[in-house]
Amino acid sequence: MKNIVYYFLSMLLCFAVGLSASYFQSDSLAEWYPLLDKSSLTPPALAFPIVWSILYVCMGVSLGRLIVGCRDKVLLGLWGVQLLLNFLWSIFFFTCRNPLLGLVDILLLDVLVLLYMVNSRRYDKVASCLFAPYFLWLLLATYLNGYVYLYN
C-alpha cells in the first residue's frame, strides 16, 4: 500500500506542474497563439489536454517505479530537471511569447528525456518505456515550436 502513495504523489506532481503551466499560458493561448502561422501538423486544441493527461500519468508512474525500485539520486534528479524544463517551456513560449527561447528549452528537454529513458532502462525497462510516448510527443512539439519560430 505504501508504494501506491509514491505513484499517486508522482502523478499528482506532474498534473500540478501542468496545471500551473496552463495558468501562465492562458492569455497567450487566447490572444497571441491563434494569430501565429502554424504547421499543418498542429493537432487540434482538444488533443492537448487529452494527450498531456495520458503523458502525465505515464511520467508519474515512471517516477513511482524508480522511487520504489531503484532510488538512484542522479536519475531522480534528471527526472526532476526534465519536469522543470517542461514547465519552463510554457513560460518561455507562451508567457514570454518567445519561440526561440522555447525552442532552446525544448531541445534541452528532448536530450534530457532521452537520457532519462536510456539511463532508467538499466533499472526498470517499464519506467523507461513509459517515457517513449512523451519523447515522441516532444519531438512533434519541437518541430511545431521550430516552425513557429521560423515562420513568424
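Everything below is about the structure shown above.
Just so it is clear, the model here is predicted, and its values are computed rather than measured. Within each chain, residue numbers correspond to sequence positions counted from 1 in written order. Since the coordinates come from a predicted model, pLDDT governs what is reported: local features require at least 70, and pairs of side-chain atoms require 80 or more to be given and counted, while whole-chain, interface and lining totals use all residues. With hydrogens and water excluded, all non-hydrogen atoms of the structure serve as input to the side-chain values.

Participant: Residues and numbers for the overall build of the protein chain, please.
Facilitator: To qualify as a helix, a DSSP run of H or I must reach at least 4 residues; to qualify as a strand, a run of E must reach at least 2; elements of each kind are numbered from the N terminus. A tally of regular secondary structure across the protein chain gives six helices and zero strands. Reading the helices (α) and strands (β) of the protein chain from amino to carboxyl end gives α-α-α-α-α-α. Here the C-alpha atoms of the protein chain give a radius of gyration of 16 Å, agreeing with the 15 Å that 2.2 N^0.38 yields for 152 residues. With respect to the three principal axes, the spread of C-alpha positions in the protein chain is 50 × 25 × 25 Å. Contacts are assigned to residue pairs that have any heavy atoms within 4.5 Å of one another. Pairs at least 24 residues apart make up 80% of the contacts formed inside the protein chain by residues separated by at least 6 positions. Residues scored as charged are limited to Lys and Arg (positive) and Asp and Glu (negative), so that His and the chain ends carry no count. Note that the charge is assigned to NZ on lysines, CZ on arginines, CG on aspartates and CD on glutamates. Side chains of the protein chain carry 9 positive and 7 negative charges; the gap between the two charge centres is 16 Å. This radius of gyration counts C-alpha atoms alone. The globule rule is 2.2 Å times how many residues there are, raised to the power 0.38.

Participant: Outline the side chain of Ser 39, supporting the account with residue identities and numerical values.
Facilitator: By the element assignment, Ser 39 lies in the loop between α1 (2-31) and α2 (47-69). Exposed residues in this analysis have more than 50% of their type's maximum accessible area, buried residues have under 20%, and partly exposed residues fall in between, with area computed by a 1.4 Å probe over protein chains only. Using a relative accessible area of 7% as the deciding quantity, one classes Ser 39 as buried. Beyond its immediate sequence surroundings of up to four residues, Ser 39 is in contact with Tyr 143, Leu 144 and Tyr 147.

Participant: So what's going on with the packing of α2 against helix α3 (residues 73-95)? Which residues, and what values?
Facilitator: Two numbers describe how α2 lies on α3: the axes approach to 10 Å, and their chain directions differ by 160 degrees. Classified by the angle between their axes, α2 and α3 sit roughly antiparallel to one another. Pair α2 / α3 crosses with left-handed handedness. Contacts between α2 and α3 pair Trp 52, Tyr 56, Met 59, Leu 63, Leu 66 and Ile 67 from the former with Leu 75, Leu 76, Trp 79, Gln 82, Leu 83 and Asn 86 from the latter. Polar here means any residue other than Ala, Val, Leu, Ile, Met, Phe, Trp, Tyr, Cys and Pro, which are nonpolar, and Asp, Glu, Lys and Arg, which are charged; Gly is therefore polar. Residues belonging to the contact of α2 with α3 are distributed by class as follows: ten nonpolar, two polar and no charged. Axes here refer to lines fitted to C-alpha atoms; in helices the fit is confined to the stretch in contact. Angles between the N-to-C directions go from 0 to 180 degrees. In what follows, roughly perpendicular refers to angles from 65 to 115 degrees, roughly parallel to angles under 35, roughly antiparallel to angles over 145, and oblique to any angle outside these ranges. Each crossing is labelled by how the near helix is turned from the far one, with a counterclockwise turn of less than a right angle marking it left-handed and a clockwise turn marking it right-handed.

Participant: Break down the pattern of salt bridges for me, citing the residues and quoting the values.
Facilitator: Salt bridges are defined as contacts in which a side-chain nitrogen from Lys or Arg sits within 4 Å of a carboxyl oxygen from Asp or Glu. Here the structure, examined in full by the defined rule, presents two salt bridges. Glu 31 is the partner of Arg 97 in a salt bridge, and the nearest nitrogen-oxygen pair spans 3.2 Å. Taken together, the residues span a long stretch of sequence, with Arg 97 in the loop between α3 and α4 (99-121) and Glu 31 in helix α1 at a distance of 66 residues. A residue is classified by how much of its surface remains accessible, and Arg 97, at 34% relative accessible area, is partly exposed. The exposure class assigned to Glu 31 is partly exposed, which follows from its relative accessible area of 48%.

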